[in-house]
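Fold and geometry: a report
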Amino acid sequence: MTNLVILVGRIARDPETRTTTGGTSITSLSVVTDRPARKDGKTYKDENGYTAKDSEFHRITCFNGLGANVAKFCSKGQLVTVEGRIHYTQWEDQDGTKRYGCEIIADKVDFLTNGRGTSGDSAPDIDED
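Residues numbered from 1 in each chain as written. Predicted model: local features only at pLDDT ≥ 70, side-chain atom pairs only at ≥ 80, totals over all residues. Heavy atoms only, no water.

**Describing helix α1 (residues 64-73)**
Of all the residues in α1, the buried ones are Leu66, Gly67, Val70 and Phe73. Across the axial projection of α1, the buried residues extend over an arc of 150 degrees, all falling on one side. (Buried < 20%, exposed > 50% of the residue type's maximum accessible area, 1.4 Å probe, protein only. Helix = DSSP H or I, 4+ residues; strand = E, 2+ residues; numbered from the N terminus. Arc of directions from axis to C-beta.)

Structure below.
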């Protein structure tokens, strides 16, 4: 059995980092991917003559060293490849309503374009160990 996700998209907002009480560093970011939009099973053009797109936003979570590098080198609008796994969560909110969530736990992030922290040099590709 395999749980593998590979996304290529643009960072929708700057990464945010927090640290747990146990000392684990967690960096969160949102990556947007596009695909051709369809009407009646066919792609179509928008008002500007371009193929219309449907966008999806993916929540990405990076831990420790990977997260530190993503926070240091990545910024909104940057093109990245994310490899990881899908993780589903379930919890009850304050009202006792069951809530569900889905995120991608990143194992690897490749920086396809320069972001912050780079001065013309490309940032390293980092794997989570």
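From this point, things continue past the structure.
**Points about the environment of Asp54**
Checked against the element boundaries, Asp54 lands in strand β5 (residues 53-63). For the pair Asp54 and Arg35, spaced 19 residues apart in sequence, the C-alpha to C-alpha distance is 5.4 Å. Setting aside its immediate chain neighbours within four residues, Asp54 contacts Thr33, Asp34, Arg35, Pro36, Ala37 and Arg38. (Contact = heavy atoms within 4.5 Å.)

**Considerations on the pattern of salt bridges**
For the structure on display, the rule yields four salt bridges. A salt bridge links Arg35 to Asp54; the shortest N-O distance between them is 3.7 Å. Pair noted here: Arg35 is in strand β2 (residues 25-36) and Asp54 is in strand β5, with a separation of 19 residues, a long-range link. Among the residues examined, Arg35 registers a relative accessible area of 42% and is labelled partly exposed. In this structure Asp54 comes out as partly exposed when scored by relative accessible area, which is 31%. (Salt bridge = Lys/Arg side-chain N within 4 Å of Asp/Glu carboxyl O.)

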